[in-house]
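Given next are the chains, with one letter for each unit.
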Amino acid sequence: MHVAPTTGSNPARGPKAQRIIVLAATYGNGAAPASAGGFLDDFERCPVIPGLPLAVVGFGDRSFPAFCGFAAEIAQVAVQRG
Ligand SMILES: Cc1cc2nc3c(=O)[nH]c(=O)nc-3n(C[C@H](O)[C@H](O)[C@H](O)COP(=O)(O)O)c2cc1C
């Protein structure tokens, strides 16, 4: 298992990955935490590895209108990119 921060890491690191789990909190009303700045840009550009399973686990608070908004955004990009 390889654990890496979201910022500056390649989400599809290496051909040996068998699955990817993205852990994403949400801050600032639907935005990425400061520590995850730039992750979505990287994620939108990283190579797609066909058949590689990916799960997104969102951390948030239901009292915010954009509950788990950043995780939802990541999941949306993942679905769009196959
Ligand atoms: C300033 C601030 C903004 C937040 N904005 C959101 C938000 O828009 N959506 C959401 O689901 N959670 C939001 N949260 C909740 C955090 O995601 C939550 O605190 C984080 O997942 C850590 O969980 P914990 O506080 O139970 O440790 C926010 C928290 C803070 C402090």
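Residues numbered from 1 in each chain as written. Predicted model: local features only at pLDDT ≥ 70, side-chain atom pairs only at ≥ 80, totals over all residues. Heavy atoms only, no water.

J.: Even after reading the chapter, I still don't get the overall build of the chain, so can you show me in this structure?
T.: Each helix and strand in the chain was counted, giving two helices and two strands. Order of helices (α) and strands (β) in the chain, N terminus to C terminus: β-α-β-α. Relative to the compact-globule value of 12 Å for 82 residues, the chain shows a C-alpha radius of gyration of 13 Å, a close match. Judged by the C-alpha coordinates and their principal axes, the chain covers about 40 × 20 × 20 Å. The buried share of the chain, reckoned over its 82 residues, is 26%. Summarising the internal contacts of the chain: among those between residues at least 6 apart in sequence, 80% fall at separations of at least 24. Carbon and sulfur atoms provide 57% of the accessible area of the chain, an area that totals close to 5600 Å². Mean positive and mean negative side-chain charge positions of the chain (6 and 5 charges, respectively) differ by 14 Å. (Helix = DSSP H or I, 4+ residues; strand = E, 2+ residues; numbered from the N terminus. Rg over C-alpha atoms; globule rule 2.2 N^0.38 Å. Buried < 20%, exposed > 50% of the residue type's maximum accessible area, 1.4 Å probe, protein only. Contact = heavy atoms within 4.5 Å. Areas by Shrake-Rupley, 256 points an atom, 1.4 Å probe, with all protein chains shown as cover. Lys, Arg positive; Asp, Glu negative; His and termini not counted. Charge placed at Lys NZ, Arg CZ, Asp CG, Glu CD.)

J.: Could you clarify how one ought to interpret the environment of P33 in this entry?
T.: Considering the arrangement of structural elements, one finds P33 in the loop between β1 (20-25) and α1 (39-45). What P33 contacts, discounting residues up to four positions off in sequence, is A25, Y27 and F70.

J.: Would you mind going over the packing of aromatic side chains with me for this structure?
T.: Aromatic ring pairs: the centre-centre distance and the angle between the two ring planes describe each pair. Scanning all chains against the criterion turns up one aromatic pair. Ring geometry for F39 versus F43: centroids 5.4 Å apart, planes at 20°, classification stacked. One end of the pair, F39, and the other, F43, are both in helix α1, four residues apart, so they sit about a helical turn from each other. The pair formed by F39 and F43 is uniform in burial state, with each residue classed as buried. (Phe/Tyr/Trp six-rings, centres within 6.5 Å; stacked < 30°, edge-to-face > 60°.)

J.: It is not clear to me how the site of the ligand should be interpreted in this structure. Could you clarify?
T.: The environment of the ligand is made up of 13 residues, and the closest members are T26, N29, G30, A66 and C68. At 2.6 Å, a backbone N or O of T26 approaches an oxygen atom of the ligand. At 2.7 Å, a backbone N or O of G30 approaches an oxygen atom of the ligand. When the ligand sits alone it has 620 Å² of accessible area, and the protein chains cover 57% of it. (Near = heavy atom within 4 Å. Polar contact = N/O pair within 3.5 Å; in protein donor to acceptor, adjacent residues only side chain to side chain.)

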